[in-house]
Amino acid sequence: HHGVHVEKESWSFQGFFGKFDKAQLQRGFQVYNEVCAACHSLDLVHYRNLTEIGLTEAQVKEVAAAVTVVDAMPDENGDPVERPGLPSDPFKAPFANEQAARASNNGALPPDLSLIARSRAGAGFGAHEGADYLHGLLTGYQEPPAGFELADGMQYNEGFLGFQIAMPNPLSDGGVTYADGTEATVDQQARDVSAFLTWAGEPNYENRIYTGMKAMLFLIVFTLIAYAVKRRVWAKIH
Ligand code: HEM
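Residues numbered from 1 in each chain as written. Predicted model: local features only at pLDDT ≥ 70, side-chain atom pairs only at ≥ 80, totals over all residues. Heavy atoms only, no water.

Caption draft 1: Geometry of the overall build of the chain. Looking only at helices and strands, one finds seven helices and four strands in the chain. Sequence-ordered secondary structure for the chain, helices as α and strands as β, is α-α-β-β-α-α-α-β-β-α-α. Computed over its C-alpha atoms, the radius of gyration of the chain comes to 23 Å, more than 25% above the 18 Å expected for a compact globule of 238 residues. Dimensions of the chain, computed from C-alpha atoms along their principal axes, come out at roughly 85 × 60 × 35 Å. Total accessible area on the chain stands at roughly 14,000 Å², and carbon and sulfur atoms take up 58% of it. (Helix = DSSP H or I, 4+ residues; strand = E, 2+ residues; numbered from the N terminus. Rg over C-alpha atoms; globule rule 2.2 N^0.38 Å. Areas by Shrake-Rupley, 256 points an atom, 1.4 Å probe, with all protein chains shown as cover.)

Right, here's the structure in full:
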């Protein structure tokens, strides 16, 4: 984790019986959509994927239609055609390209967040460690300690390598108003968006664990049956 200290949080989706909490994922989407999406793309997620976290088809259409995208097909003169987003579109990126993204961020590049949780997590089943990291980062903004040299345009963040980050503190208490009425503290928003980004990077995270569990159960049952059969077969022989 880049040498920074990361607090272990408790996540609904961690462990053998873990499951994403859809209400939390929806709140996390709200935070991403209203706050993070101003600077970060989420290229690998399509609007239609939001049905997987419990949005209705109608809600997905509404979310997609709120953005204007350039269709892959130009018009007959070869000019780009703008249209409202569709459920089949990938999430709209805030900037046209890297230069535009850097120009708006003091030269720094806000990374695409599609795989950020996975890429900041440990190996194997530890995907929730990515969520720990994200939560620590988003709640890690502080006044720099006396004598700390903070470069121009940088913020002090104890959850980030080197403790200085070009990302301004994106969260504030009440910065979003949750549709489900949950109180939007910084900690709550950090928790929810970290869960959402874990889901975004590994939509099949829980399936993977359950599939592993089923395989283990199968192997145990199979071994017991094989043993019982072996005893029966050999019982006749002496
Ligand atoms: C970097 C998440 C909002 C600008 C990052 C990183 C993450 C992240 C995970 C990478 C940290 C690392 O390398 O480990 C988020 C989330 C947001 C959010 C979850 C919403 C809650 C924003 C906003 C802006 C922004 C609104 C612009 C105003 C940046 C920039 C970087 C960055 C410029 C690169 C920082 C550096 O390399 O020093 N963000 N971000 N982010 N973010 Fe955000």
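Moving on from the coordinates now.
Caption draft 2: Region of interest: the site of the ligand. As a matter of local geometry, the ligand sits amid 24 residues, with Cys36, Cys39, His40, Tyr133 and Met167 nearest to it. Between the ligand and arginine 120, the relevant distance is 2.9 Å, taken from an oxygen atom to a side-chain nitrogen or oxygen of the residue. Here tyrosine 133 contributes a side-chain N or O atom positioned 2.5 Å from an oxygen atom of the ligand. More than half of the atoms belonging to the ligand lie within 2 Å of the grid points that define the largest pocket. In terms of residue count, helix 5 (residues 128-138) provides more of the shell around the ligand than any other element does, four residues in total. Of the residues in the shell around the ligand, the class split is 21 nonpolar, two polar and one charged. (Near = heavy atom within 4 Å. Polar contact = N/O pair within 3.5 Å; in protein donor to acceptor, adjacent residues only side chain to side chain. 1 Å grid on protein atoms, 1.4 Å probe; cavity = no way out; pocket = protein on both sides within 12 Å on 5 of 7 lines; lining within 4 Å. Sits in = over half its atoms within 2 Å of the grid points. Nonpolar A, V, L, I, M, F, W, Y, C, P; charged D, E, K, R; others polar.)

Caption draft 3: Representation of the layout of surface pockets in the model. Of the volumes computed, that of the largest pocket is approximately 610 Å³. In this structure, the largest pocket is lined by 26 residues; those nearest its centre are His40, Pro110, Pro111, Ile165 and Met167. Every element with two or more residues in the lining of the largest pocket is listed here: helix 5 and helix 6 (186-201). Class assignment for the residues of the lining of the largest pocket results in 23 nonpolar, two polar and one charged. In terms of lining residues, the second largest pocket is bounded by Ala23, Gln26, Arg27, Phe29, Gln30, Leu55, Gln59, Glu62, Val63, Ala179 and Asp180. Looking at the lining of the second largest pocket, the elements that each hand over two or more residues are helix 1 (22-34) and helix 2 (57-65). Looking at the lining of the second largest pocket, the element that brings in the most residues is helix 1, giving five residues. Taken together, the residues of the lining of the second largest pocket sort by class into five nonpolar, three polar and three charged. (Points joined across faces, edges and corners; volume = space filled by probe spheres on them.)

Caption draft 4: The coordination of the iron atom of the ligand, seen in detail. The iron atom of the ligand binds to the protein through His40 (NE2) and Met167 (SD), with metal-donor distances spanning 2.0 Å. Of note is the iron atom of the ligand, whose six donor atoms meet at the metal with angles of 86 to 178° in an arrangement that counts as octahedral. On the criterion of sequence distance, the pair formed by histidine 40 in the loop between helix 1 and helix 2 and methionine 167 in the loop between strand 4 (164-165) and helix 6 is long-range, its members being 127 residues apart. (Donors = N, O, S within 2.8 Å, 3.2 Å for Na, K, Ca; no water. Tetrahedral: all angles 85-135°; square planar, octahedral: opposite > 155°, others 65-115°.)

Caption draft 5: Geometry of the packing of aromatic side chains. Inspection of every chain in the model, using the stated rule, returns 11 aromatic pairs. Taking 4.9 Å as the distance between ring centres and 40° as the angle between the ring planes, the aromatic pair formed by phenylalanine 13 and phenylalanine 20 counts as tilted. Taking the relative accessible area as the measure of exposure, phenylalanine 13 reaches 1% and is therefore buried. Feature note: the residues Phe29, Tyr32, Tyr47, Phe91, Phe196 and Trp199 constitute an aromatic cluster, connected by ring pairs. Over the aromatic face of tryptophan 11 sits the side chain of arginine 191, whose NZ or CZ is 6.0 Å from the ring centroid. (Phe/Tyr/Trp six-rings, centres within 6.5 Å; stacked < 30°, edge-to-face > 60°. Buried < 20%, exposed > 50% of the residue type's maximum accessible area, 1.4 Å probe, protein only. Lys NZ or Arg CZ within 6 Å of the ring centre and 35° of its normal.)

Caption draft 6: Up close: the packing of helix 5 against helix 6. Two numbers describe how helix 5 lies on helix 6: the axes approach to 9 Å, and their chain directions differ by 145°. Seen along the crossing, helix 5 lies across helix 6 with a hand that is right-handed. Contact with helix 5, carried on its side by Ala131, Leu134, His135 and Leu138, involves Val186, Asp187, Ala190, Arg191, Val193, Ser194, Leu197 and Thr198 of helix 6 and no other residues of that element. Taken together, the residues of the contact of helix 5 with helix 6 sort by class into seven nonpolar, three polar and two charged. (Axes fitted to C-alpha atoms, helices over the stretch in contact; angles between N-to-C directions. Left-handed = near helix turned anticlockwise from the far one by under 90°. Contact = heavy atoms within 4.5 Å.)

Caption draft 7: Local environment of the pattern of salt bridges. All chains considered together, the criterion is met by eight salt bridges. Aspartate 89 is the salt-bridge partner of arginine 83, the closest N and O atoms lying 2.9 Å from each other. The same class applies to arginine 83 as to aspartate 89, namely buried. A salt bridge links glutamate 98 to arginine 102; the nearest nitrogen and oxygen atoms lie 2.8 Å apart. With a gap of four residues between them, glutamate 98 and arginine 102 both fall in helix 3 (residues 98-103), about one helical turn apart. (Salt bridge = Lys/Arg side-chain N within 4 Å of Asp/Glu carboxyl O.)

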